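# Per-entry structural report
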Amino acid sequence: MAKPGLDSHDRGAKVVARALRDAGMEVIYTGLRQTPEQIAETVLQEDVDVLGISILSGAHLTLFPKIVGLMKQKGLDDVLVFAGGIIPEEDIPHLKRLGIKEIFGPGTPTETVVNFVKDNVQSR
Amino acid sequence: MKQLAAAHQLVTAVLKGDRRAIARAITLAENGTRETRKTVSLLYPHTGKAQIIGITGPGGVGKSTLVEKLVKELRKRGKTVGVVAVDPTSPFSGGAFLGDRIRMQDLSTDAGVFIRSMATRNNPGGLARATKDAVHILDASGKDVIIVETAGAGQSEVDVIKIAQTIIVILAPGFGDEIQAIKAGIMEIGDIFVVNKADRENADRAVIDIQAMLELSNDEGKWRPAIIKTTATTGEGTAQLLKEIEKHKDHLAKGEAELRQKNIVETELTEAIKQKFTEHLMGELRKSGRMEELVSRVLARDIDPVGAAEELFTEQTGKSGSKAE
């Protein structure tokens with residue numbers, strides 16, 4: 001679970017992290033205000049299967065392409081990426097084209113996220 | 001054959017210090033099948049060069065924050081560093097929340113540092129089963145110093161002595177009663193003691209408590225653990241801590257290092273043998289139905305568990321299972 005950029009609203013990220021943990025997953029939380037480079041490096045060093053990005057600052061159209069781009073550069077294209085936070089409907093198709101598999105808005109039941117991860121994670 | 005070629009390829013990349021390969025190799029070690037273990041076996045001849053430091057102490061005393069400052073201090077001196085940070089697995093869900101990285105993210109883009117979080121996966125002792133392998137992998141990849149941070153430790157989480165050459169026990173002010181309570185266990189394994197959060201009240205009191213406890217176990221000519229005050233949030237005291245770590249390393253070099261290393265290897269070997277034999281034997285017993293038969297006999301109070309084990313031992317080896325002989 002990663003929190004890119006300059007917002008401190010990490011309740012959502014933590015709630016999702018907890019739900020995933022309770023579903024039996026090992027969840028690494030990066031903490032707040034991460035740069036795309038820090039997030040991509042964490043994905044690499046931890047060799048994760050799934051990356052969840054939470055953002056509420058409105059900077060998703062700047063930050064997400066950078067994160068995904070850096071991950072590609074590092075050869076991490078087999079990692080499942082999903083996002084959550086305050087993301088306008090009209091931005092979603094563009095973000096999905098970048099390779100972000102799903103985007104969860106406010107009010108999404110944690111179960112939905114857990115099931116999404118279970119259904120989409122690839123064994124590597 | 002294909003798997004073996006892949007293992008060789010991965011090993012070559014790890015030896016070159018390739019970060020992706022290091023990450024991959026640690027995952028394979030964590031997943032622990034015979035094929036994946038091959039990678040660690042191939043890397044093993046290239047290990048033994050790194051300085052390995054263990055960091056332990058109760059939860060919440062500031063271990064991760066201090067590790068971050070220590071790594072920065074080591075980087076100033078031009079050393080490359082690997083970190084393995086262990087956190088507990090929930091015994092109920094099997095999941096884990098690994099938060100040590102939160103304190104270390106300043107380091108994540110430094111090419112001279114590799115940080116890996118690891119869940120205990122219910123291994124007792126404060127470490128994960130694959131922690132040792134992760135240390136071997138980082139060692140082989142050429143890291144000068146490797147720091148192992150245990151999952152918050154209490155009295156019995158002392159497994160870090162099976163890995164590290166120098167052990168740092170971290171406490172904080174207000175742990176006075178704690179020090180009493182954990183006289184056994186982690187208080188006995190520290191080569192260096194740190195009182196972190198030294199900007200708080202009662203830091204000196206904590207130093208005195210530790211001192212008093214250490215004086216009880218005074219062996220002439222042996223290493224006397226230093227007690228250092230740090231404030232990890234500001235980095236105060238970390239340079240001194242590093243000096244003390246070097247001092248301990250020099251002390252070990254006078255002869256104790258070899259003995260320690262031998263003990264470490266012997267423990268690792270003992271555990272590997274135990275695991276191998278137990279796995280094999282248990283597999284056989286389950287397959288043949290013998291296990292189930294013994295369980296029902298114990299359930300029927302026909303025989304006690306130790307008695308059953310003795311019977312089995314005699315059967316397998318032809319020797320009496322009783323230790324008295």
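Residues numbered from 1 in each chain as written. Chains lettered and ligands numbered in written order. Predicted model: local features only at pLDDT ≥ 70, side-chain atom pairs only at ≥ 80, totals over all residues.

### Here's the deal with the overall build of chain B
This is how the line gets drawn: Helix and strand assignments come from DSSP, with helices taken as H or I runs of at least 4 residues and strands as E runs of at least 2, each series counted from the N terminus. Only C-alpha atoms enter the radius of gyration; for comparison, a globular chain is expected to reach 2.2 Å times N to the power 0.38, where N is the number of residues. Buried means a residue has 20 or more other C-beta atoms within 10 Å of its own C-beta, exposed means 12 or fewer, and partly exposed covers the counts in between; C-beta atoms are placed from the backbone. Residue pairs are scored as contacts if the distance between their C-beta atoms, which are placed from the backbone, is within 7 Å.
Scanning chain B from terminus to terminus reveals eleven helices and eight strands. The C-alpha atoms of chain B give a radius of gyration of 22 Å, which matches the 20 Å a tight globule of 325 residues would have. The buried share among the 325 residues of chain B stands at 41%. Pairs at least 24 residues apart make up 72% of the contacts formed inside chain B by residues separated by at least 6 positions.

### Notes on the sheet that holds strand S2 (residues 50-55) of chain A
All names here are of chain A. Inclusion rule: For two strands to be treated as a pair, DSSP must find no fewer than two bridges joining them. Note on geometry: axes are lines fitted to C-alpha atoms, helical ones only across the stretch in contact, with angles between N-to-C directions running from 0 to 180 degrees.
Strand order across the open sheet formed by three strands is S2-S3-S4, with parallel pairing between neighbours. Each of the sheet's edge strands pairs with one partner strand only, and the pair in question is S2 and strand S4 (102-104). Averaged over all adjacent pairs, the angle separating strand axes in this sheet is 20 degrees, with direction ignored. Here S2 pairs with strand S3 (residues 80-85) via six bridges, running parallel. The residue bridging Ile 53 from the neighbouring strand is Ala 83, located in S3. Where helix H3 (residues 60-73) meets the sheet, it contacts S2 and S3, and its direction lies at approximately 160 degrees from that of S2.

### Overview of the confidence of the model for chain B
Put simply, the rule reads: pLDDT measures the predictor's confidence residue by residue and takes values from 0 up to 100.
Per-chain confidence: chain B averages 89 in pLDDT, with 92% of residues scoring 70 or above. Two numbers describe this predicted complex: its pTM, 0.90, and its ipTM, 0.91.

### Overview of the pairing of S3 of chain A
Residue and element names in this part refer to chain A. Short version of the rule: Handedness of a crossover is defined as follows: with both strands directed away from the viewer, a clockwise route from the first strand across the helix to the second makes it right-handed.
In this region the chain leaves S2, passes through H3 and returns to the parallel neighbour S3; the handedness of that crossover is right-handed. Relative to S4, S3 is paired through three bridges, and the arrangement is parallel. Residue pairing across strands places Phe 82 opposite Glu 102, the latter belonging to S4. For the handedness criterion, the β-α-β arrangement of S3, helix H4 (residues 92-97) and S4 is classed as right-handed.

### Details of the interface of chain A and chain B
Where we set the bar: For this scheme, ten residues count as nonpolar: Ala, Val, Leu, Ile, Met, Phe, Trp, Tyr, Cys and Pro. Four count as charged, namely Asp, Glu, Lys and Arg, and the remainder, Gly too, count as polar.
Contact with chain A, which involves 25 residues of that partner, is made by 24 residues of chain B. Broken down by secondary-structure element, the contributors of at least two residues to the side of chain A that touches chain B are helix H1 (11-22), strand S1 (26-28) and helix H2 (36-46) of chain A. No other element matches the seven residues that H2 of chain A contributes to the side of chain A that touches chain B. Taken together, the residues of the side of chain A that touches chain B break down into eight nonpolar, eight polar and nine charged. The pairing of S1 of chain A with strand S3 (residues 96-98) of chain B spans three bridges and is parallel. Pairing of Glu 26 of chain A across the sheet is with Ala 96 of chain B, part of S3 of chain B.

### Comments concerning the domain arrangement of chain B
All names here are of chain B. We apply this condition: Each domain's limits were defined by an automated method or a database of domain assignments.
Per the domain assignment, the segments of chain B are domain 1 (1-46) and domain 2 (47-256). Listed as interface residues are 14 residues of domain 1 and, on the opposing side, 13 residues of domain 2. Counting only elements with at least two residues in the side of domain 1 that touches domain 2, the list comes to helix H1 (2-15), helix H2 (19-31) and helix H3 (34-43). Take the side of domain 1 that touches domain 2: its biggest share by element is six residues, from H2.

### Section: the sheet that holds strand S1 (residues 51-56) of chain B
All names here are of chain B. The strand order across the open sheet formed by seven strands is S4-S2-S5-S1-S6-S7-S8, and the pairing between neighbours is parallel. Among the strands making up the open sheet, the edge pair consists of strand S4 (113-119) and strand S8 (226-229). Each strand of the sheet is rotated relative to its neighbour by a mean of 20 degrees, with strand direction disregarded. As judged from the five bridges shared by S1 and strand S5 (residues 145-149), these two strands associate in the parallel manner. When the sheet's bridge partners are listed, Ile 55 is paired in S5 with Glu 149.

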